[in-house]
Amino acid sequence: MSNTGDKKEFNVIRLWDADYHTLLTKKYLNRKPYVPRDEKKILSFMPGTIQKIMVQEGQQVKRGDALLILESMKMMNRVRAHADGIVKHIYVKPGESIPKNHPMIELE
Amino acid sequence: MDLKDKILELQRRREIAAKGGGDKAIEKQLSMGKLTARDRINALLDPDSFHEYDLFVQHDAKDFGMDKKELHGDGVIVGTGTINGRPISIFAQDFTVVGGSLGRMHAGKITKIMDHALKMRMPLIGINDSGGARIQEGVNSLAGYGEIFFRNTLASGVIPQISVILGPCAGGAVYSPALTDWVFVVDKISKMFITGPEVIKSVLGEEISQEELGGARVHAETTGNAHFFARSEQECFEQIKKLLSFIPWNNDEKAPRAVPKPPKAEYDIEKIVPVDPKEPYDVRDVIRALVDDSDFFEVQELWAANAVIGFGRINGETVGFVANQPLVLAGVLDVDSSDKIARFIRYCDAFNIPIVTLVDLPGYLPGIDQEHMGVIRHGAKILYSYSEATVPKITIILRKAYGGGYIAMGSRHLRSDFVFAWPTAEIAVMGPEGAANIIFKKEIAEAPDPEAMRKEKVKEYTEKFANPFVAASKGYIDSVIAPFETRKYIAHAIEVSVNKDAGLPRKKHGIPPF
């Protein structure tokens, strides 16, 4: 029945200023830590395949310039620079399949 | 041919059609650990009560050599019968006939029985075991799904709709179960997903098995798409029959009354809840201490376990219970538990089932992930569904009721009809520790021994405010009651609410925070 006698099997969760004895769920334990967004790194917004890369490292690009084509869900998506800058690093190669949030290009 | 020959001819045709995809396909179905569609219907309905319709329906597809194929019953069995003597309509997809794939006539049989169910105001049970759309029938197959979804929506809140996933249910097909009230899954047999592992692999390069992607356990524990999880088909059928014993046949009726029974003596309500609000206990034991025969039928037991929902009876009357579960995540509300509670309240409200809420929570779960998943929008669903519900609403505050959690969990302010609190209740804007740290910040900081001062102020706040009497003095609580009086108070509240008539402003429908 009620298993309130033995405190040892419970975890402690701190909520506001109090410690509660309780069990934790798989989902709670597996929650992903927050990673602040790095404005300079361009990440894949969807999983897909790199079809073409239009820029080279060291190249000056303007806001709106097409950097590469990411094929995803049967759509050729042109990934564009969101600011003026220099291509610092290209992380992917044509033909490469990448997951979501994978770094593709870094600008500076 | 005389009559006798004609009857023999009918029997011969019936026998052939009843074999579905034939002996070999049946053998394969059994080897997968599954029953045949016909056996499933017979296992679920009262003996000899099933009456089948549309057995001789044939598809009319011509392309891709389909004109040469005869598909018995077009891959689905439909009919009516009884469960515990009450009328039921049912369809079961027959995987032995081209994988139970859905074509135009197959869908037509399903929509016909759905229309019957709605017209006759009886529950509809759908047993899903299908490879999906019949590709050879093209857009006709898609049309069939659309017609089913439309009827699921029209029937929602009018007749109970039960989906039983006993095989694959993939692609668009999953949306019919998702639109129904209750989804039953069986371990190792049920598979549900929008896009299967093959597509995920080819598009995204991610590898996962069907079981890990959308098996019974995944939907019962992780997604919340399923409401009941069973280890075998037989156990699943027992669960369906038990659920049906608690709910009314349509939205004009009340749930059937059972013979009243006292709770079992082993559940002593005074011994379950620790006085210290930071110590856990299983709130289901409190429910078992309250309901007839201690028989609590839990819904979504494995998903969002920090909230508990389900059915029980008080003096023979079905009641829908909503409770915080201090045993798991201290009973906080979060994205998933908000969805779970809000939908259950709407079910009870649609089907005239009184709601009893047991409150013991520290509040909503803090966290970046929760905020970013939209806990505001999800949490608002609880406020919406409690406010909108016009069935009798009875709330009992067992211990903690802090802040937004107090308001959300069936408070007086959302028009609960009766709000009771145990003497252990703490109704406050936040817990004593947090409150004392804010209110007495200066005194604590300036004290020679800040820790001692903090403890003293926490104690002072606890004594003055962490009790039910402040709320009772404003009339927010109707009665402060001893735990052992709870069942009596609930029973009486239901009794006097029998003619409750509470309306909503005239509207087509509201805009809930879906």
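Structural data are supplied above this passage.
As the structure is a prediction and not an experimental result, all values here were calculated from the model.

Asker: Quick question: what am I supposed to make of the overall build of chain A here?
Answerer: From N to C terminus, chain A includes one helix and 10 strands. Along chain A, helices and strands appear, N-terminal first, in the series β-β-α-β-β-β-β-β-β-β-β. Relative to a compact globule of 108 residues, whose C-alpha radius of gyration would be 13 Å, chain A shows 22 Å and is clearly more extended. Looking at the 108 residues of chain A, the share that counts as buried comes to 30%. Residue pairs in contact within chain A that sit at least 24 positions apart in sequence constitute 48% of those at least 6 positions apart. For chain A, the separation between the mean place of its 19 positive charges and that of its 13 negative charges on side chains is 5 Å.

Asker: How should the pairing of strand S11 (residues 307–314) of chain B be read in this particular structure?
Answerer: Side-chain positions along a regular strand alternate between the two faces of the sheet. Residue and element names in this part refer to chain B. Most of S11 sits inside the fold, with eight of its eight residues counted as buried. In the sheet, strand S10 (residues 297–299) pairs with S11 via three bridges, with the strands oriented antiparallel. Counted as the bridge partner of Val299 is Ile309 from S11. In this structure, S11 lies alongside strand S12 (residues 317–324), joined through eight bridges in antiparallel fashion. Across the sheet, residue Arg313 finds its bridge partner in S12, namely Thr318.

Asker: I keep staring at the side chain of Gln29 of chain B and nothing clicks. Help me out?
Answerer: Residues and elements named next belong to chain B. In this fold, Gln29 is placed in helix H2 (residues 23–31). Looking at Gln29, its side chain comes within polar contact range of the main-chain oxygen of Leu35, at 2.9 Å. Polar side-chain contacts of Gln29 include one of 3.1 Å to the side chain of Asp129.

Asker: What is the right way to look at the interface of chain A and chain B in this model?
Answerer: Many authors give the size of an interface as the accessible area that is lost as the parts come together. At the junction of the two partners, chain A supplies 25 residues and chain B supplies 36 residues. In total, about 2600 Å² of surface goes out of reach between chain A and chain B, with carbon and sulfur atoms giving 66% of it. In this structure, the connection of chain A to chain B is made through 13 residue pairs in polar contact (both at pLDDT 80 or more). For the side of chain A that touches chain B, the element with the most residues is strand S2 (residues 18–22) of chain A, which contributes five residues. In the side of chain A that touches chain B, the residues fall into 13 nonpolar, six polar and six charged.

Asker: Could you clarify how one ought to interpret the environment of Val78 of chain B in this entry?
Answerer: Residues and elements named next belong to chain B. Turning to its location among the elements, Val78 is positioned in strand S2 (residues 76–83). Note: C-alpha distance between Val78 and Gly126 (48 residues apart in sequence) is 9.2 Å. If near-sequence neighbours (up to four positions away) are discounted, Val78 is found in contact with Phe50, His51, Glu52, Tyr53, Asp54, Ile90, Phe91, Lys109, Ile110 and Ile113.

Asker: Got a minute to help me understand the pattern of salt bridges in this structure?
Answerer: Residues and elements named next belong to chain B. With the rule as written, the count across this model stands at 43 salt bridges over all chains. The shortest N-O distance in the salt bridge between Asp252 and Arg121 comes to 3.0 Å. With Asp252 in the loop between helix H10 (233–246) and helix H11 (283–290) and Arg121 in the loop between helix H4 (104–120) and strand S4 (124–128), this residue pair connects regions lying 131 residues apart in the sequence. The exposure class of Asp252 is exposed, given its relative accessible area of 61%. On the basis of relative accessibility, which here comes to 28%, the residue Arg121 falls in the partly exposed class. A salt bridge links Arg257 to Glu317, with the nearest nitrogen and oxygen atoms 3.1 Å apart. In this pair, Arg257 is assigned in the loop between H10 and H11 and Glu317 in strand S12, connecting sequence segments 60 residues apart. When its relative accessible area of 54% is taken as the criterion, Arg257 is described as exposed.

Asker: What is the right way to read the packing of aromatic side chains from this model?
Answerer: The relation between two aromatic rings is expressed through the spacing of the ring centres and the mutual angle of the planes. Residue and element names in this part refer to chain B. A complete count under the given rule lists 16 aromatic pairs over all chains for this structure. Look at Phe420 and Tyr489: their rings are 5.1 Å apart centre to centre, the planes differ by 70 degrees, and that puts the pair in the edge-to-face class. Of this pair, Phe420 sits in strand S15 (residues 418–421) while Tyr489 sits in helix H20 (residues 486–496); the two residues are 69 residues apart in sequence, bridging distant segments of the chain. Three or more aromatic residues link up through ring pairs in this structure, and these residues are Trp182, Phe184, Phe228, Phe246, Phe297, Phe311, Phe344, Tyr347 and Phe351. Looking at Lys34, its charged tip hangs above the ring of Phe95, at a distance of 4.3 Å from the centre. Lying over the aromatic face of Phe246, Arg313 brings its terminal NZ or CZ to 4.1 Å of the ring centre.

Asker: Help me understand the sheet that holds strand S8 (residues 85–90) of chain A in this model?
Answerer: Each strand in a sheet pairs with another by means of backbone hydrogen bonds, the pair being arranged parallel or else antiparallel. Residue and element names in this part refer to chain A. Read from one edge to the other, the open sheet built from four strands follows the order S3-S10-S8-S5, with strand pairing classed as antiparallel. Each edge of the open sheet is held by one strand with a lone partner, namely strand S3 (41–43) and strand S5 (60–61). The sheet contact formed by S8 and strand S10 (residues 103–107) spans three bridges and is antiparallel. From the neighbouring strand, Ile90 faces S10, where its bridge partner is Ile105.

Asker: I would appreciate a short explanation of unusual backbone geometry in the present structure.
Answerer: Glycine aside, the phi torsion of most residues is negative, and most peptide linkages are trans. Residues and elements named next belong to chain B. Phi at Asp48 takes a positive value of approximately 60 degrees, unusual for a residue other than glycine. Judged by relative accessible area, which is 79%, Asp48 ranks as exposed. Backbone geometry places Ala304, a non-glycine residue, at a positive phi of 45 degrees. Structurally, Ala304 can be placed in the loop between S10 and S11. Given a relative accessible area of 11%, Ala304 falls into the buried group.

Asker: Quick question: what am I supposed to make of the environment of Gln239 of chain B here?
Answerer: With respect to the helices and strands, Gln239 of chain B occurs in helix H10. Setting aside residues no more than four positions away along its own chain, Gln239 of chain B makes contact with Phe184, Phe228, Phe229, Ala230 and Phe297 of chain B.

Asker: Just checking my understanding: could you explain helix H5 (residues 139–155) of chain B for this structure?
Answerer: Since the α-helix turns once every 3.6 residues, residues separated by three or four places project in the same direction. Residue and element names in this part refer to chain B. With 17 residues, H5 extends 24 Å from end C-alpha to end C-alpha; this agrees with the ideal 24 Å at 1.5 Å per step. The set of residues buried in H5 consists of Ser141, Gly144, Tyr145, Ile148, Arg151, Asn152 and Ala155. Considered in projection along H5, the buried side chains sweep an arc of 130 degrees and stay on one side of the axis. Facing away from the buried side of H5 by more than 90 degrees, the exposed set consists of Val139 and Leu142.

Reading the values: rules and limits
Residues numbered from 1 in each chain as written. Chains lettered and ligands numbered in written order. Predicted model: local features only at pLDDT ≥ 70, side-chain atom pairs only at ≥ 80, totals over all residues. Heavy atoms only, no water. Helix = DSSP H or I, 4+ residues; strand = E, 2+ residues; numbered from the N terminus. Rg over C-alpha atoms; globule rule 2.2 N^0.38 Å. Buried < 20%, exposed > 50% of the residue type's maximum accessible area, 1.4 Å probe, protein only. Contact = heavy atoms within 4.5 Å. Lys, Arg positive; Asp, Glu negative; His and termini not counted. Charge placed at Lys NZ, Arg CZ, Asp CG, Glu CD. Pairing = 2+ DSSP bridges. Polar contact = N/O pair within 3.5 Å; in protein donor to acceptor, adjacent residues only side chain to side chain. Buried area = accessible area lost by both parts, 1.4 Å probe. Nonpolar A, V, L, I, M, F, W, Y, C, P; charged D, E, K, R; others polar. Salt bridge = Lys/Arg side-chain N within 4 Å of Asp/Glu carboxyl O. Phe/Tyr/Trp six-rings, centres within 6.5 Å; stacked < 30°, edge-to-face > 60°. Lys NZ or Arg CZ within 6 Å of the ring centre and 35° of its normal. Expected span 1.5 Å × (residues − 1). Arc of directions from axis to C-beta.

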